[in-house]
Amino acid sequence: MTAAAAAEVALRSGSARPMPAVGIGTASPTPVPHEDTRDAVLAAIEAGFRHLDTAFMYGTERPLGEAVAEAVRRGLVASREELFVTSKLWCTQCHPDLVLPALRQTLQNLQMEYVDLYLIHWPVCMKPGPITWPSKREDAVPFDFEGVWRAMEECHRLGLARAIGVSNFTTKHLDKLLAATIPPAVNQVELNPVWQQRTLREYCAERGIHVAAYSPLGGQDWSGSGDGNAVLESEVLAEIAKARGKTVVSLRWIHEQGVTWIVKSYNKERLKQNMDIFGWELTDEDRLKISQILQKKCVTATALFSPEGEFTSVDLSDMDIVEE
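Residues numbered from 1 in each chain as written. Predicted model: local features only at pLDDT ≥ 70, side-chain atom pairs only at ≥ 80, totals over all residues. Heavy atoms only, no water.

> Break down the overall build of the protein for me, citing the residues and quoting the values.
From N to C terminus, the protein includes twelve helices and twelve strands. At 19 Å, the protein has a C-alpha radius of gyration in line with the 20 Å of a compact globule built from 324 residues. Along the first, second and third principal axes, the C-alpha atoms of the protein reach 50 × 45 × 40 Å. Looking at the protein residue by residue over its 324 residues, the buried ones come to 54%. A sequence separation of at least 24 residues applies to 75% of the contacts in the protein between residues at least 6 apart. For the protein, the accessible area works out to roughly 14100 Å², and carbon and sulfur atoms hold 50% of it. (Helix = DSSP H or I, 4+ residues; strand = E, 2+ residues; numbered from the N terminus. Rg over C-alpha atoms; globule rule 2.2 N^0.38 Å. Buried < 20%, exposed > 50% of the residue type's maximum accessible area, 1.4 Å probe, protein only. Contact = heavy atoms within 4.5 Å. Areas by Shrake-Rupley, 256 points an atom, 1.4 Å probe, with all protein chains shown as cover.)

Below, the structure written as structure tokens:
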């Protein structure tokens, strides 16, 4: 067993197998051919990844499910139970009566009987209907956190989601769920040395909510801003990488914070490089330098919406996910 396959985090709630420390993501700002996604997930499983992350919104549930079935056929894993599969409820589905049908659709897409983790994708609710990207501002409606979370708990009780959680939630959003019968097991958020989420991590640690990181290497340009990648372009991280002879300083730093991560790469060599976070450590000096990096968030709630139009029934501040 590889170090990556052995490194796992037990989730406080739920009957899911422990969450692997490293995961492969399938989100892309531009459409990717079905076969490319399937082959990339298969390559990731072959490289030792055991956490596979998808979402209804990505349109990658079907190819991911096919890759898992193929991996079992080829004997890369003994069974689907060896893998930890995460999917997510999209904003148009964040209505109490739509949660269970949405998960059933996801399971049909995946050709699976359950997901290990089901997340509310955003603390944002939109009118029901087909996914549009970007969405219209006037389609944002008030979020019934209590009602939607009760429906998530039902998904868990039925065994369709072994654990339930959230994504892109700030402490303000999590406060709305703390009285729940089943608290969120996971909060998956943008997290890397350039956006360290100190406030949120402390809050979640005190409440037994595991933090998982997306965009651990700075992420993709969903807004089309052309701003570049603050992680890959960080001189501090580049200097540490050179001194350590490593390419994955950001991923090692995240691992040392007790945070699991999801990285997207469809390149076989890069998949192997991304696994190289075990068997070495950053120095105290490295950690100090990283702690002083200027903080900048890449993904915001406004990225979901077109710049035109008005928010007619919600305040943008209710959906804001930027929190120091």
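> I'd like to hear about the UniProt feature "site: Lowers pKa of active site Tyr" (unreviewed entry) in the protein, residue by residue, with values.
Mapped onto this structure's residue numbering, the UniProt feature "site: Lowers pKa of active site Tyr" (unreviewed entry) falls at Lys88. Mapped onto the elements of the fold, Lys88 is located in strand S5 (residues 84-89). With sequence-adjacent residues up to four places away left out, Lys88 is seen in contact with Asp53, Thr54, Ala55, Phe56, Tyr58, Gln93, Tyr118, Leu119, His121 and Gln188. Of the polar contacts made by the side chain of Lys88, one reaches the side chain of Asp53; its length is 2.6 Å. (UniProt positions renumbered as here; feature names shortened; annotations may be inferred. Polar contact = N/O pair within 3.5 Å; in protein donor to acceptor, adjacent residues only side chain to side chain.)

> Quick rundown of the UniProt feature "active site" (unreviewed entry) in the protein? Include the residues and the values.
When the UniProt feature table is mapped onto this chain, "active site" (unreviewed entry) is found at Tyr58. One can find Tyr58 in the loop between strand S4 (51-53) and helix H3 (61-74). In this structure, Tyr58 is in contact with Thr26, Ala27, Asp53, Lys88 and His121, ignoring residues within four places of it in sequence.

> Can you explain the sheet that holds strand S10 (residues 186-190)? Please cite residues and give values.
Read once around its circumference, the closed barrel built from eight strands follows the order S3-S4-S5-S6-S9-S10-S11-S12, with strand pairing classed as parallel. Each adjacent strand pair in this sheet contributes to an overall mean axis angle of 30°, direction not counted. Examined bridge by bridge, strand S3 (residues 22-25) and S4 share three bridges and lie parallel to one another. Counted as the bridge partner of Gly23 is His51 from S4. (Pairing = 2+ DSSP bridges. Axes fitted to C-alpha atoms, helices over the stretch in contact; angles between N-to-C directions.)

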